[in-house]
Amino acid sequence: MQIINSIIQFIMDLGGAIFLPFMITILGLFFKIKFFDSFRNGLRIGAGFLGITVILEMLCSCLNPAVEFYSGMGSGFTVIDIGWEGIAAIAWSTPFALIIVPICLVLNYFLIRLRFTKTMDVDVWNYFHVILGAAMAYYVAQLAGLSASAAIIAAMLVAVGTFVIILKMADWVAPYWQKHYNLPGTTCCNNDAFQIWAIDYVVCWIMDRIPVINKINLNAKWFSDKFGSLGETSVLTFFVGILISLITRQDLATMLTMSVTLSAAIVILPRMVSLLMEGLNPISNAARKIFKQKLGDGYDIYIGMDEALCLGDESGIQCAALMIPIGLAVAFLPGVNFFPIASLGSMVYTTCMCSLFARGDILKTVIASTVNCIYSYQVLSWMAPLVTKLAVNTGYITNTAGMVTGSSVEEFHCLIIALVSKLFGVW
């Protein structure tokens with residue numbers, strides 16, 4: 001057990017941006033790409049992810065003054081938001097975490113050979129979404145009085161079932177994903193993305209059927225065509241920063257720092273995504289070639305990756321800044337028991353993903369993102385007692401004096417487990 005924990009901790013310490021290049025290198029060798037070519041592709045993907053991580057940290061840092069302004073407006077937050085990073089640590093700390101990874105990889109290969117799916121999920125780091133549901137099923141089963149072996153069987157069934165559903169959802173979203181974000185040959189395999197897209201799809205479907213509103217199309221291209229350089233996304237984002245600074249009463253230095261940083265992010269993020277795609281495209285092409293030889297020319301293959309690939313979306317980045325005050329306002333709604341400091345750092349993921357079915361429309365993206373925030377904050381608050389039990393059982397925290405929660409536990413498979421176990425009085 002100590003050896004397994006050491007391996008898990010080593011992987012966690014590396015982080016996805018460091019771990020993924022080596023996985024891509026191995027995958028490239030599997031698809032008969034020369035070693036150094038495969039290693040170069042892995043390093044480019046790692047560089048892209050590291051660049052995205054640095055920019056997101058820069059964004060969070062520059063927006064902190066605005067967040068702190070709103071955090072002083074209320075009290076009564078009794079739960080700590082540990083973010084997706086904390087939840088991922090809890091998932092990876094379960095005793096069977098590393099068993100699930102090879103099971104899913106082998107299963108994925110055979111499901112492609114059986115023509116059940118077109119998606120090859122190579123983003124091993126984000127398998128924690130699958131592991132999280134399994135971990136929740138495992139500890140809920142134990143709370144219900146099942147033996148350890150029965151609990152592990154339940155966990156494995158949840159993991160496999162979740163993984164299969166993710167692959168089919170990735171197949172379904174691939175055409176929309178590739179067209180909107182201009183990411184040929186890829187798809188998204190993160191379970192949290194499908195929860196966001198489900199809400200986004202419903203919200204946009206409703207708005208598309210409301211007279212007048214369905215005629216609005218305020219996307220980045222519209223602003224650029226209408227106002228020229230003034231409507232260019234980097235300039236607009238700069239003024240969004242100015243507006244947020246004025247609302248939150250920042251001094252001149254903070255105002256300029258926030259505005260220039262937001263503008264820089266909208267310029268740099270798409271370039272990081274392009275660098276990442278430089279490393280992914282050779283892998284995608286090699287995988288297609290191999291599987292077409294085995295399955296026929298008519299069978300295409302998608303490389304499943306992190307939703308970070310969509311962070312080059314201009315409308316999504318603009319809306320992320322607009323959503324900061326809205327997301328904070330949602331935190332003061334009845335039923336919310338945590339201040340979403342960590343969750344706000346992921347806001348750009350939500351807005352860029354909500355841009356998909358909004359087709360880049362800023363109004364629809366903001367409304368869909370707001371509905372996602374309401375759903376997420378309410379579910380995260382309600383599930384805090386169960387999340388705290390998970391954190392204690394895995395050793396993430398040592399006592400239940402203070403409760404914790406964090407994004408990812410609101411994903412549909414986790415919510416279903418929580419609802420069923422609550423119905424039967426397990427927690």
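Here, the structure is the one placed above.
Residues numbered from 1 in each chain as written. Predicted model: local features only at pLDDT ≥ 70, side-chain atom pairs only at ≥ 80, totals over all residues. Heavy atoms only, no water.

### Details of the overall build of the protein
Helix and strand content of the protein: 17 helices and 5 strands. Split into buried and exposed, the 427 residues of the protein put 55% on the buried side. Considering only contacts in the protein between residues 6 or more positions apart, those separated by 24 or more positions represent 79%. Of the roughly 18,200 Å² that the protein leaves accessible, carbon and sulfur atoms contribute 67%. (Helix = DSSP H or I, 4+ residues; strand = E, 2+ residues; numbered from the N terminus. Buried < 20%, exposed > 50% of the residue type's maximum accessible area, 1.4 Å probe, protein only. Contact = heavy atoms within 4.5 Å. Areas by Shrake-Rupley, 256 points an atom, 1.4 Å probe, with all protein chains shown as cover.)

### What to know about empty space enclosed by the protein
All told, the structure shown has 1 cavity of 30 Å³ or more when counted by the stated rule. Quantified by volume, the largest cavity comes out at close to 50 Å³. As for the largest cavity, its lining consists of Asp121, Asp123, Asn126, Tyr127, His129, Val130, Phe163, Ile166, Cys189 and Asn190. For the lining of the largest cavity, the secondary-structure elements that each account for two or more residues are helix 6 (128-143) and helix 7 (148-181). Grouping the constituent residues of the lining of the largest cavity by class yields 5 nonpolar, 3 polar and 2 charged. (1 Å grid on protein atoms, 1.4 Å probe; cavity = no way out; pocket = protein on both sides within 12 Å on 5 of 7 lines; lining within 4 Å. Points joined across faces, edges and corners; volume = space filled by probe spheres on them. Nonpolar A, V, L, I, M, F, W, Y, C, P; charged D, E, K, R; others polar.)

### Notes on the sheet that holds strand 4 (residues 302-305)
Judged by pairing direction, the sheet is parallel, and its 3 strands sit side by side in the order 2-4-3 without closing on themselves. Unpaired on one side and paired on the other, strand 2 (119-121) and strand 3 (186-188) mark the two borders of the sheet. Adjacent strand axes in the sheet meet at a mean angle of 35°, parallel and antiparallel pairs treated alike. In this sheet, strand 4 lies alongside strand 3 in parallel orientation, the contact comprising 3 bridges. The residue of strand 4 that forms the bridge with Thr186 is Ile303. Contacts from helix 7 reach strand 2, strand 3 and strand 4, with the element oriented near 125° to strand 3. (Pairing = 2+ DSSP bridges. Axes fitted to C-alpha atoms, helices over the stretch in contact; angles between N-to-C directions.)

### A look at a nonpolar patch on the surface
Residues Trp172, Tyr176, Tyr201, Val202, Trp205, Ile206 and Ile210 make up a contiguous nonpolar surface patch of roughly 670 Å² in combined accessible area. Mapped onto the nonpolar patch, the elements with two or more residues apiece are helix 7 and helix 8 (191-207). At 4 residues, helix 8 tops the list of elements feeding residues into the nonpolar patch. Residue position: Trp205 is located in helix 8. (Patch = residues over 30% accessible without salt bridge, like charges linked within 9 Å, V, L, I, M, F, W, Y side chains within 5 Å. Salt bridge = Lys/Arg side-chain N within 4 Å of Asp/Glu carboxyl O.)

### A word on the pattern of salt bridges
Between side chains of opposite charge, pairing is possible as soon as their charged atoms come close. For the structure on display, the rule yields 4 salt bridges. Here Arg359 and Asp208 are joined by a salt bridge, their closest N and O atoms 3.3 Å apart. Placement of the pair is Arg359 in the loop between helix 14 (347-354) and helix 15 (362-382) and Asp208 in the loop between helix 8 and helix 9 (220-227), with a sequence separation of 151 residues. Among the salt bridges present, the one from Asp208 reaches Lys364, with a minimum N-O distance of 2.4 Å.

### Focus on the packing of aromatic side chains
The full count for this structure, using the stated rule, is 20 aromatic pairs. Centroid distance Tyr127 to Phe163: 5.6 Å. Interplanar angle 55°. Geometry classified as tilted. A residue pair is termed long-range when its members are at least 10 positions apart, and Tyr127 in the loop between strand 2 and helix 6 and Phe163 in helix 7 qualify at 36 residues. On the accessibility criterion, Tyr127 (1% relative accessible area) is buried. (Phe/Tyr/Trp six-rings, centres within 6.5 Å; stacked < 30°, edge-to-face > 60°.)

### Section: the packing of helix 5 (residues 97-113) against helix 7
Their axes nearest at 11 Å, the elements helix 5 and helix 7 cross at an angle of 40°. By the angle between their directions, the pair helix 5 and helix 7 is classed as oblique. Relative to helix 7, the crossing made by helix 5 is right-handed. Of helix 7, the residues touching helix 5 (which contributes Ile99, Ile100, Ile103, Cys104, Leu107, Asn108 and Leu111) are Met156, Ala159, Val160, Phe163, Val164 and Leu167. Residue composition of the contact of helix 5 with helix 7, grouped by class: 12 nonpolar, 1 polar and no charged. (Parallel < 35°, antiparallel > 145°, perpendicular 65-115°, else oblique. Left-handed = near helix turned anticlockwise from the far one by under 90°.)

### Notes on helix 12 (residues 314-330)
Count 3.6 residues to each turn of an α-helix, and residues three or four apart come out pointing the same way. When the terminal C-alpha atoms of helix 12 are compared, their 24 Å separation across 17 residues agrees well with the 24 Å that a helix rising 1.5 Å per residue should span. The axis of helix 12 is deflected most strongly, by about 45°, at Met323, and proline Pro325 appears within four residues downstream. For helix 12, the tally of buried residues reaches 12 of 17 residues, placing the bulk of the element in the interior. For helix 12, the full list of buried residues reads Ser315, Gly316, Ile317, Gln318, Cys319, Ala320, Ala321, Met323, Ile324, Gly327, Leu328 and Val330. The N-cap residue of helix 12 is Asp313: its side-chain oxygen and the backbone nitrogen of Ser315 are 3.5 Å apart. (Expected span 1.5 Å × (residues − 1). Bend = angle between axes of the 7 residues up to and from the residue. Polar contact = N/O pair within 3.5 Å; in protein donor to acceptor, adjacent residues only side chain to side chain.)

### Here's the deal with a positive patch on the surface
There is a patch of like positive charges on the surface, built from Lys32, Arg113, Lys289 and Lys294. If you trace the backbone, Lys289 turns up in helix 11 (residues 252-295). Here Lys289 falls in the exposed class, since its relative accessible area comes to 56%. (Lys, Arg positive; Asp, Glu negative; His and termini not counted. Charge placed at Lys NZ, Arg CZ, Asp CG, Glu CD.)

### Side note on the layout of surface pockets
Its boundaries defined by the atoms lining it, the second largest pocket holds a volume of some 420 Å³. Lining the second largest pocket are 20 residues, and of these His180, Tyr181, Asn182, Gly312 and Asp313 lie nearest its centre. Where the lining of the second largest pocket is concerned, the elements lending two or more residues are helix 7, helix 9, helix 11 and helix 12. Ranked by the residues each element gives to the lining of the second largest pocket, the list is headed by helix 11, at 5 residues. Of the residues contributing to the lining of the second largest pocket, the split by class is 8 nonpolar, 8 polar and 4 charged.

### A short note on the state of the cysteines
Tallied over the full model, the rule gives 0 disulfides. In this structure Cys204 is not part of a disulfide, and its nearest cysteine sulfur, from Cys354, lies 7.4 Å away. In this structure Cys352 is not part of a disulfide, and its nearest cysteine sulfur, from Cys310, lies 5.1 Å away. (Disulfide = S-S within 2.5 Å.)

### Details of unusual backbone geometry
Of note, the phi angle at Asn182 is positive, near 55°, even though the residue is not glycine. Summarising the element assignment, Asn182 is placed in the loop between helix 7 and strand 3. With a phi close to 55°, Arg359 is a non-glycine residue in the positive phi region.

Honestly, that's just the spatial picture; any functional story needs more than this.
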